[in-house]
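Chain residues, written in single-letter form:
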2 protein chains.
Amino acid sequence: MAKPWATFGVDLHLEPTGPGIRRGLTDALREAARTGRLAPGTRLPSSRSLAADLGVARNTVADAYADLVAEGWLMARQGSGTRVAERTVTSPPGSTARPDTSGLPPAPTPASRRALGLPPPPAPRPAYNLIPGTPDLASFPRTQWLKAARRALSTAPNQAFDYGDPRGRVELRTALAGYLSRARGVRADPERVLVCAGFSQGLRILGAVLRARGARTVAVESYGLDVHWNLLADAGLRTVPLPFDERGTDPGELTDQDAVLLTPAHQFPMGGTLHRDRRAAVVEWARRTGGLVVEDDYDGEFRYDRQPVGALQGLDPDHVVYAGTASKSLAPGLRLAWLVLPPDLMREVLGAKGGIDSCGALDQLTLAEFLTSGAYDRHVRAARLRYRRRRDALMVELARRAPQVHATGIAAGLHVVLRLPPGTERPALRAAAWQSLAVHALNRYQHPEATVERRDALVVGYGTPPDHAWSGALEALCAVLPE
Amino acid sequence: MAKPWATFGVDLHLEPTGPGIRRGLTDALREAARTGRLAPGTRLPSSRSLAADLGVARNTVADAYADLVAEGWLMARQGSGTRVAERTVTSPPGSTARPDTSGLPPAPTPASRRALGLPPPPAPRPAYNLIPGTPDLASFPRTQWLKAARRALSTAPNQAFDYGDPRGRVELRTALAGYLSRARGVRADPERVLVCAGFSQGLRILGAVLRARGARTVAVESYGLDVHWNLLADAGLRTVPLPFDERGTDPGELTDQDAVLLTPAHQFPMGGTLHRDRRAAVVEWARRTGGLVVEDDYDGEFRYDRQPVGALQGLDPDHVVYAGTASKSLAPGLRLAWLVLPPDLMREVLGAKGGIDSCGALDQLTLAEFLTSGAYDRHVRAARLRYRRRRDALMVELARRAPQVHATGIAAGLHVVLRLPPGTERPALRAAAWQSLAVHALNRYQHPEATVERRDALVVGYGTPPDHAWSGALEALCAVLPE
């Protein structure tokens, strides 16, 4: 029994029977790949032969392999077996961060990377990428952006090149205040807008402000992004999930928490809107307790069936921080997001930010020009049409080919949660891995302390592929779903 | 005696005699302006009439007014008396951060700004600005930058628009590694370069890494920037100044400090290079104790009499963090700087940075293109010539019109320290304020715990004015210097 593992230098202690076998096997393989004892590229024995060697069911080995393929530790290609993967750079869940290195000097070897303390190199890109969190990067409006950049560069005052206002360029704050009030019902004025390097920086700053005020606990949704929970934890704040039911996040358990982080217009990833009564209850809680509401409006531009629900912040700009971003409407690589702050918060926020503008002035001026010239609206309209068509095509194919699979949530955004019949998630993920289709299970987005039932479901980011890959991705997805 | 103060609502308690009078008067006026009890625009009584009212020497009042004009609380114009200034946005010392608001909606009143928790509005710009810390912003190479941006935008892979490598774009890290090794003798490779949003972000990250390692104390130079000391203090680190003598910063007192922050190529602001023996001593200390050296090479491109001294990092890349920036060579508004890290530090630095790239990908790609196309070298050559001519002109005028004033330091950079005969600094600053010439006294750059002697000296940022204002600024400077 020790033979195949000795070959790989894997120190394996298996319980003889039960669910522990698969977990033990998976953990041992992961650890061996993580520490480099199983070098990238190493070919693993077939599941059949390894199962025979170990005296376990073949499915146990196949499941362990599939889990590790889904996690990125192993690579599987039909016909060439399973190998240890080159590993991916750490990136925020919900993103598909993979530095592009084409045409550049040869990368260092894994060993030299480890010696340098570097993150592991990128994994080979999946053939089809349906991980949520990024828009179709191929549709970034390069020509229009360049045009706006030219105009911004030719009209910027010299002072634009100086150290800037720590809130961000006034031109951008002014353009955003106008846009957000018109498009999202945000009560904004330029003096209350803070430009930041992505929502991550904004949330980091808010976490620091809350902590400095003595806050301990932030209520979050049962489903969300662990990067956000981790940012708050790094600031010394405990995140406590609110219950989630068919009407969305339930604010009924908001009591003495210091703040609440919500996605009211389009719950991420579940896809519903926060019910009107619950919106009111959140605001009422904030007024009663002095708690802070942080409204993450990450994809508010993209609603397909009607006008989007206005920002919660419009109900009470004194208790709600509105957070928006260019990461979904344009591109994460711009690193441009914005907060609209209650009046009494700006001073503390600037203190936590450190008093220096952190975003490049030229990108800020370009986005301001993009907004005021109408190019932003035109781009969002085109993107809305693109994503809407993708979502429609997905719904049609689901109805035709996977009628047991149900899409949840409103017609909005760049992703959808697909509920699968019980017991079918794992085979679907395994099939996806074999097809080189990157897709996430819902439970990856579940807060560790959430009491929600574990559901078989996938989160499908239909906004992610470029146009030319979309139909292939859709086909690959349908092929792995239960019929 | 209370009469004029009652008019202004200023609560003044003066000691009857001695130096306390001027300080008391200055503090009371500053506090009144700061809190808004003296509203912006309020005209103060003439120094003659106030002195008579208070029963103090007229010079005492005039000196207090001049101090507050120099600090920006008051405005003085010949013929229109002294008024309470509109106040400036908080900005890093050594910068001239003043957001430009031309053509934008009317600013809120001071009262509504205070209610909003906003920083005070910008002060009127001085007619001549010789504050060090910014290059000539009017000479930013807009056309060449746009050309590089066009090329970057048209050649960028789609993945450039995604969440990026937390170290920064590989194209920029590769271009920087090549440039720094060629131009500054830095031992760099792209894997060890970290792009950051200005040296401030880099220092903030390094401070967090040091603190997480258990560090307590960072040695700094007797002269430097308080933003840097404050960033380290914010990270929980004590800054301890090293002695400074005619040979520059003395590393002899480096003992059990955890790190040292230095400007070896061009001490800021004193202007010398760190002596060869002392460079060696710093590196020797780092090797012996495991302490970290942070080399702030803020203006290494600008040396006029010979090739610049190579980076200290070249002596020992395992113990020295090299820090460079585009803030002096191009513009602070780009918010682009870079660290070259010892191999064992990258992992911790990325942890402290939070795992997400914080600089816009397009600016990074544009700077990479700017570097590799040779546009950066051409721009630096042109800028070097411009600043060298200014420095030469300054030296000629000093010799002719203020032979008692001595410029210190090497022929380099964008600023120079002018030593004045004892007792002449204050009259010079007062005269500068009346001329609307912005210039700093040296003691503003002195570490509070430094044991160096207080010297009458000005720090003159000859790089700051645009070309058309330079001769006027030089003339204004010469007019305020002692003959």
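Residues numbered from 1 in each chain as written. Chains lettered and ligands numbered in written order. Predicted model: local features only at pLDDT ≥ 70, side-chain atom pairs only at ≥ 80, totals over all residues. Heavy atoms only, no water.

Draft legend 1. The arrangement of the sheet that holds strand β16 (residues 440-441) of chain A in detail. Residue and element names in this part refer to chain A. In space, the four strands of this open sheet follow the order β13-β14-β17-β16, with antiparallel pairing throughout. Looking along the sheet, the strands with just one partner apiece sit at the ends: β13 (406-407) and β16. Where β16 lies against strand β17 (residues 457-460), two bridges are found, and the strand directions are antiparallel. Note on β17: the bridge partner recorded for H440 is V459. Contacting β13, β14 (416-419) and β17, helix α14 (residues 375-401) runs over the sheet at an angle of about 5° to β14. (Pairing = 2+ DSSP bridges. Helix = DSSP H or I, 4+ residues; strand = E, 2+ residues; numbered from the N terminus. Contact = heavy atoms within 4.5 Å. Axes fitted to C-alpha atoms, helices over the stretch in contact; angles between N-to-C directions.)

Draft legend 2. Representation of the packing of aromatic side chains. Taken as a whole, this structure holds 16 aromatic pairs over all chains when the rule is applied. A ring pair is formed by F161 of chain A and F140 of chain B, whose centres lie 4.2 Å apart and whose planes are at 20°; its orientation type is stacked. Pair noted here: F161 of chain A is in the loop between α6 (142-155) and α7 (170-184) and F140 of chain B is in the loop between β3 (128-129) and α6 (142-155), and the two residues belong to different chains. For the residue pair F161 of chain A and F140 of chain B, the accessibility class agrees, reading buried in each case. (Phe/Tyr/Trp six-rings, centres within 6.5 Å; stacked < 30°, edge-to-face > 60°. Buried < 20%, exposed > 50% of the residue type's maximum accessible area, 1.4 Å probe, protein only.)

Draft legend 3. Focus on the pairing of strand β9 (residues 259-262) of chain A. All names here are of chain A. With burial as the criterion, each face of β9 is covered, one bearing A259 and L261 and the other bearing V260 and L262. Judged from the four bridges that link them, β9 and strand β10 (residues 292-296) form a sheet pairing that is parallel. Bridge pairing in β10 links L261 to V294. Of the crossover connections in this fold, the one passing from β9 over helix α10 (residues 276-289) to the parallel β10 is right-handed. (Right-handed = clockwise from strand over helix to strand, strands pointing away.)

Draft legend 4. Looking closely at the side chain of K328 of chain A. By the secondary structure assignment, K328 of chain A is in helix α11 (residues 326-329). Here G133 of chain A takes part through its backbone oxygen, which lies 3.4 Å from a polar atom of the side chain of K328 of chain A. In this structure K328 of chain A touches G133, P135, Y298, D299, F302 and L414 of chain A together with Y163 of chain B, once residues within four positions along its chain are discounted. (Polar contact = N/O pair within 3.5 Å; in protein donor to acceptor, adjacent residues only side chain to side chain.)

Draft legend 5. Representation of the environment of R83 of chain A. Residue and element names in this part refer to chain A. Structurally, R83 can be placed in strand β2 (residues 81-84). Separated by 38 residues in sequence, R83 and P45 have C-alpha atoms that sit 9.0 Å apart. Other than its neighbours up to four places away in sequence, R83 contacts G41, T42, R43, W73, L74 and M75.

Draft legend 6. How the structure looks around the domain arrangement of chain A. Residue and element names in this part refer to chain A. The domain architecture assigned to chain A consists of domain 1 (5-84), domain 2 (129-135 + 381-480) and domain 3 (140-377). The junction of domain 1 with domain 2 conceals about 780 Å² of combined surface from both sides, 52% of it contributed by carbon and sulfur atoms. Remark: the boundary between domain 1 and domain 2 carries one salt bridge. Put simply, D63 and R430 hold a salt bridge, and the shortest N to O gap is 1.9 Å. (Domains from an automatic or database assignment. Buried area = accessible area lost by both parts, 1.4 Å probe. Salt bridge = Lys/Arg side-chain N within 4 Å of Asp/Glu carboxyl O.)

Draft legend 7. Structural detail: the nonpolar core. Counting residues in hydrophobic clusters, the biggest one holds 132 residues, and the most contacted among them are L367 and L477 of chain A together with L367 and L477 of chain B. Leaving out residues up to four positions away in the same chain, L477 of chain A has contacts with L130, L394, L418, L437, L458 and V460 of chain A. Ranked by size, the runner-up nonpolar core spans 29 residues in total, among them L232, L261, V294 and L345 of chain B. (Core = buried A, V, L, I, M, F, W, Y, C linked by side-chain atoms within 4.5 Å.)

Draft legend 8. Expanded view of the pairing of strand β12 (residues 337-340) of chain B. All names here are of chain B. In β12, alternate side chains face the same way, and those of A337 and L339 on one face and W338 and V340 on the other are all buried. Across four bridges, strand β11 (residues 320-325) lies against β12 in antiparallel orientation. Bridge assignment links T325 to a residue of β12, and that residue is A337.

Draft legend 9. Local environment of the pattern of salt bridges. For the structure on display, the rule yields 52 salt bridges over all chains. Between E449 of chain A and R238 of chain A there is a salt bridge, and its shortest N-O distance comes to 3.3 Å. Of this pair, E449 of chain A sits in the loop between β16 and β17 while R238 of chain A sits in strand β6 (residues 238-241), and the two are 211 residues apart along the sequence. For R238 of chain A, a relative accessible area of 47% translates into the label partly exposed. The salt bridge involving D136 of chain B is made with R386 of chain B; its shortest N-O contact spans 3.7 Å. Of the two residues, D136 of chain B is situated in the loop between β3 and α6 and R386 of chain B in helix α14 (residues 375-401); the sequence distance between them amounts to 250 residues. Several salt bridges converge on common partners, so that one network encompasses D136, R386, R390 and D467 of chain A.

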